Structures are given as structure tokens and as C-alpha cells.
Amino acid sequence: KTHRSHPSHQRDEEVCLLDLQGTNRMMGFRSVSITFLSAAMFCSQTIAFQSNVATPMITTARQTSELYSSMMDAPRNTASSPEMKKKDLRTFQRFLEVECWKNGDIRDLDRTLLAVADACKQINRIVQRAQTDDLYGAAIDPLTGELAEENVQGEVQQQLDVLCNTIMLRAFCGASNNVVCAVASEEEPLPRSCADVMGYDTSEFNIMQSGDYVAVFDPIDGSKNIDSSLPVGTVFGIYRAPDGASAGKDGLNLDSFLQRGTKMVAAGYCLYSATTVLVLTLGSGVHGFTLDPDKQKFLQTHPNIRIPDVGSLYSFNEANYREFSEPVQQFLTSMKQSGVVGGKKVSSRYVGALVADVHNVLINGGIYGYPATRDNVNGKLRLLYESAPMAMIMEQAGGAGSTGQGRILDVLPPQRKKNTGHNKSDDEPDDDEAGKGIHVRVPTYLGSVENVYELEQCFKFYGEDD
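A short tour of the structure in this document, coming up.

What counts, and at which threshold
Residues numbered from 1 in each chain as written. Predicted model: local features only at pLDDT ≥ 70, side-chain atom pairs only at ≥ 80, totals over all residues. Heavy atoms only, no water. Phe/Tyr/Trp six-rings, centres within 6.5 Å; stacked < 30°, edge-to-face > 60°. Helix = DSSP H or I, 4+ residues; strand = E, 2+ residues; numbered from the N terminus. Buried < 20%, exposed > 50% of the residue type's maximum accessible area, 1.4 Å probe, protein only. Contact = heavy atoms within 4.5 Å. Core = buried A, V, L, I, M, F, W, Y, C linked by side-chain atoms within 4.5 Å. Pairing = 2+ DSSP bridges. Axes fitted to C-alpha atoms, helices over the stretch in contact; angles between N-to-C directions. Parallel < 35°, antiparallel > 145°, perpendicular 65-115°, else oblique. Left-handed = near helix turned anticlockwise from the far one by under 90°. Nonpolar A, V, L, I, M, F, W, Y, C, P; charged D, E, K, R; others polar. Disulfide = S-S within 2.5 Å.

Regarding the packing of aromatic side chains
Taken as a whole and assessed by the stated rule, the structure comprises nine aromatic pairs. With 4.9 Å between their ring centres and 80 degrees between their planes, Phe 92 and Phe 289 make a pair best called edge-to-face. Residue Phe 92 is found in helix H4 (residues 92-102), and its partner Phe 289 is found in strand S7 (residues 286-292); the two are separated by 197 residues along the sequence. Here the two residues Phe 92 and Phe 289 agree in accessibility, since each one is buried. The structure contains a cluster of three or more aromatic residues connected by ring pairs, namely Phe 316, Phe 331, Tyr 445 and Phe 459.

What follows is the structure in C-alpha cells.
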């Protein structure tokens, strides 16, 4: 109701209200709520313009919001419920600008890492739509219509694996400003030059072969978890090419990949779960970024992550307990019998995806393990693009990464042997040997320093029965 000093004002308001009532009958209550508020504000402004005496009912945005809440017949009352506010957090882009400016050795990697972050956003959307968009199941060869061949791990490639692999290949090669010259993926038997990935002629030198870095990655770790709506992730690492390494005839130097983890300059992972989290180290601490679903930007929510020195959490697949070596069995038995570690009750958490389990340990403390078994004497995790990047992250966060016998980052992948056959030059290394080095596996233990130390002591005391 408003105070009206002239009959024409009443007629104007009645016309507005009649229009609203008619619209309400045609469109329904909920769908017209926004129209009602907009029209009501317009009518009030019209009346106020026509007469200085008129006092419209809706005069402020706060009153408009209160009216909207009451119309929706919901318990949300702006007068009693707190307003939702966004935290003032630093963006991933700003973080990279500052960090790469501080460290001149990695200054050229900012665009590459931004492209990786964008790739994680794409993979996140694919994972969320996998069930509704029919992305499950084995990949189909578009030329033959038959199932795709097995990958180098002896597994039939899934649609998600192929799609996510393509996204990561193009992120490292297509948006790196020619900084990355070659890439190695879990899904492919041998590394590829970026010139080959982007479709350039590799018989002649081109600008894409001049990069100083090589990248390694597992595009979608734990893809089987998607069927059960469980977490999955992406792991990656970046190495600087050795001094004096020159590209071969295909624009690729395989020896650039066969390095110790200590030569990595950056490592990270993306976790696709209740929230999408990007964790990154550039060799000077570990930082975590959460994807804002509204802005579609990674925001720094976990600056300078530090893992507790000791933790009560252990993450092992105990279904394989009988196949573990005696040192691992003794360690797990001791931890469970102690009942309390670091002042907290011992608990077991195992998701079955490397990224999810390691992230849980990184935040809460404890130990993650994928030991050797009778069937897999070196475990199942690959050194180059799974164990080493995760070990670098753990060490930079104040934790440790071990094979049970020593530091993961000190492990040197098998080197290529020289061919001695008559058909090849003695100076030409064997690519088959390189493939073994790229995909070599190691037992992997990651976590708090006290927990990993106790595990290594079990190996020293009980020895190996293998």
C-alpha cells in the first residue's frame, strides 16, 4: 500500500498489479517471482517519479530480497541467516606470476602450468559427465570399430583414459610456448616429441624441438573408481633436459626422461573429488588450490602445506596382506597393535586411487604404501610419473618417500643399452630398453617422516625373504 495524492497514481499502480496478477496466473508462482520483483520495483519507481508525496513499498535491494524470501515460502530469512561471502584468496595465475618471478630458473614454466590447470578443469568436467555422456567402457578404434589395443601396462584402454591423455598431451605441448619439447604418458609405450603431438614434420628441425623441459604424467589415475563415484586424479612432473642433450631424428631424446627424481623442477597432482584440488610444488614448498565452481578459477586455499611429523593414518590395500613381504607385515601389525600413534587412534583409509590416498595422508599425516607382492615384485606404481612426483611433493611438505630400501628420488631408471647388432649403429641405443625405463615400477611408501622411518627400520631388521 502506498500513500497517493492524486487519482492518476492509483490508476498507474492498479495497472501494474493487474499485469502482475495476469502473469502470475499464466506462468506459475515460482517462475514469475523474479518478474514480480522487477515489475514491482518499476511500478514503485514510476509512482515516485510522478509525485514527490508517493512512498513506494519497495525502495531498497534489502527489502526486495526480504520480499523474495517470503514469497518463496522458505525458512531463509536475510535478517536472520548470515550472508554467503567469498574469501579473498590468491588465484593460481597470480601465484605462478610471483613464484616464477622469484625463481628465474623456472620463469618460462608459468604458461605451461596454467595450461595444466586448464586441462584439470576439462578433465574434472569429463569425470562429472562420464555417466550421463556415455564415456564409460573400453575405447573403440574409430577406423576399425573394434576395441582399442592394450596399453603398455597390459590394460585395455578406456574411453576416459584416451580422452584425458589427449587433453594432457595438448596442454603440455600446445600451450607451453615451446618450453616443453617432449612428453611421456602412462598410456603410451614411448615418449613423444611435442612436434609429433602437434602434428609437425619431425624429419626437419622446428621450433617445438628447442624446449628445455620434458613432462611426464598419468592422465587419469584410478579411472575404475569413476564407476562408483569415487575420487580419481591426475599426476604430473616436469624435468629439465640434461645439458648437451640433443634431439634425435624424430625430435626426441629419450635419455632426457631417464633421470633421477632429484632432477625434477616441478611436480603436482589434481584430485577430482568433493572438491577439485590442484597441489603443486616448484621446489620451494607445497601449495594447494581449490577450484571455485562459480568463477572456474583455482584459488590458493592451502598455502605452504606441511605434513605432520607423525600420523595415525595408514593407507594400504590390506586385502593383499598375505602377499606382502615380512617387513611390511610386521610394520602394519605393529602399527595396529600400538593403538595410538601421535596421540591419535590408529585408523585405516584406502580409496584405491593414488592421488586420493596420498592427499589424505598429506593433509592428516600417516603413511601410504603400495608394497611389492608375490605377483608384482616391484609393486605396481610407476617411478617416473607416479612415485617420483608424489615423493617430491611429500619431501617438499616435510615428509618422506621411500622404496623401503632408500629414497625414491634417488632411484635411477634403467638406462638404454647400446645396440651391437649388424643392422644398427653401435651408437644407436635400443628403444625397447628405453620403454622399460620409462615405465619401470618401484615399491612406494609416502608419508610422515616418523612413519616412513619406522617402515625402513622394519626392512633393516627383518630383511627380505624374497
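Quick word on the environment of Val 358
With respect to the secondary-structure elements, Val 358 resides in helix H9 (residues 354-364). Here Val 358 falls in the buried class, since its relative accessible area comes to 2%. If we skip the residues at most four places from it in the chain, Val 358 touches Tyr 368, Met 390, Met 394 and Leu 446.

Focus on the nonpolar core
Ranked by internal contacts, the top residues of the largest apolar core, which has 47 residues, are Phe 92, Leu 113, Phe 172, Val 183 and Ile 238. Examining the composition of this core, we find that nine residues originate from one element, helix H5 (residues 110-129), more than from any other. Leu 354, Val 355, Ala 388 and Met 394 belong to the second-largest nonpolar core, a separate cluster that totals 46 residues.

Quick look at H9
Residues spaced three or four apart along an α-helix point in a common direction, a consequence of the helix completing one turn every 3.6 residues. Of all eleven residues making up H9, eight are buried, and the element is well covered by its neighbours. What H9 keeps buried is the set Leu 354, Val 355, Ala 356, Asp 357, Val 358, His 359, Val 361 and Leu 362. Positive backbone phi, approximately 90 degrees, marks Gly 365, located one or two places after H9.

Some remarks on the sheet that holds strand S14 (residues 400-402)
Pairing within the open sheet is mixed, and its five strands lie in the order S12-S9-S13-S15-S14. Every other strand in the sheet has two partners, leaving strand S12 (347-348) and S14 as the edge strands with one partner each. Across four bridges, the pairing between strand S13 (residues 366-370) and strand S15 (residues 444-447) is antiparallel. Pairing of Tyr 368 across the sheet is with Leu 446, part of S15. Across the sheet, helix H8 (residues 326-338) touches strand S9 (313-315), S13 and S15, and the angle it forms with S9 is around 150 degrees. Against the sheet, H9 contacts S9, S13 and S15, and its axis sits at roughly 155 degrees relative to S13.

Remarks on the environment of Ile 408
Structurally, the position occupied by Ile 408 is in the loop between S14 and helix H11 (431-438). Taking the C-alpha atoms as reference points, Ile 408 and Ser 387, separated by 21 residues in sequence, lie 7.2 Å from one another. Beyond its immediate chain neighbours, meaning those up to four positions away, Ile 408 contacts Leu 383, Ser 387, Ala 388, Ala 391, Gly 401, Ser 402, Thr 403, Thr 444, Tyr 445 and Leu 446.

Here we look at the packing of H8 against helix H12 (residues 449-462)
Contact geometry of H8 with H12 gives a least axis separation of 8 Å together with a crossing angle of 130 degrees. Classified by the angle between their axes, H8 and H12 sit oblique to one another. Here H8 runs over H12; the crossing is right-handed. Only Asn 451, Glu 454, Leu 455, Cys 458, Phe 459 and Tyr 462 of H12 make contact with H8, whose side of the interface consists of Glu 326, Pro 327, Val 328, Gln 330, Phe 331 and Met 335. Grouping the constituent residues of the contact of H8 with H12 by class yields eight nonpolar, two polar and two charged.

Examining the state of the cysteines
Taken as a whole and judged by the stated rule, the model has two disulfides. Cys 120 shares a disulfide with Cys 270; S-S distance 2.1 Å. One quick way to see it: the torsion about the S-S bond of Cys 120 and Cys 270 is about 85 degrees, and its sign makes the bridge right-handed. A residue pair is termed long-range when its members are at least 10 positions apart, and Cys 120 in helix H5 and Cys 270 in strand S5 (residues 264-272) qualify at 150 residues. Of the two residues, Cys 120 and Cys 270, neither departs from the other in class, the shared state being buried. Two residues share a disulfide in this structure: Cys 173 and Cys 194, whose sulfurs sit 2.2 Å from each other. When the S-S torsion is -70 degrees, as for the bridge of Cys 173 with Cys 194, the disulfide is left-handed. With a gap of 21 residues between them, Cys 173 in helix H6 (residues 159-174) and Cys 194 in helix H7 (residues 194-197) connect regions that are remote in the sequence. On the accessibility criterion, Cys 194 (0% relative accessible area) is buried. Cys 181 takes part in no disulfide bond, and the closest cysteine sulfur, belonging to Cys 194, lies 6.8 Å away. Using a relative accessible area of 11% as the deciding quantity, one classes Cys 181 as buried.

Concerning the packing of H9 against helix H10 (residues 383-396)
With their axes 12 Å apart at the nearest point, H9 and H10 run at an angle of 15 degrees to one another. In terms of orientation, H9 and H10 fall into the roughly parallel class. For the element pair H9 and H10, the recorded crossing hand is right-handed. Residues Leu 354, Val 355, Val 358, Val 361 and Leu 362 of H9 pack against Glu 386, Met 390, Ile 393 and Met 394 of H10. Broken down by class, the residue content of the contact of H9 with H10 amounts to eight nonpolar, no polar and one charged.

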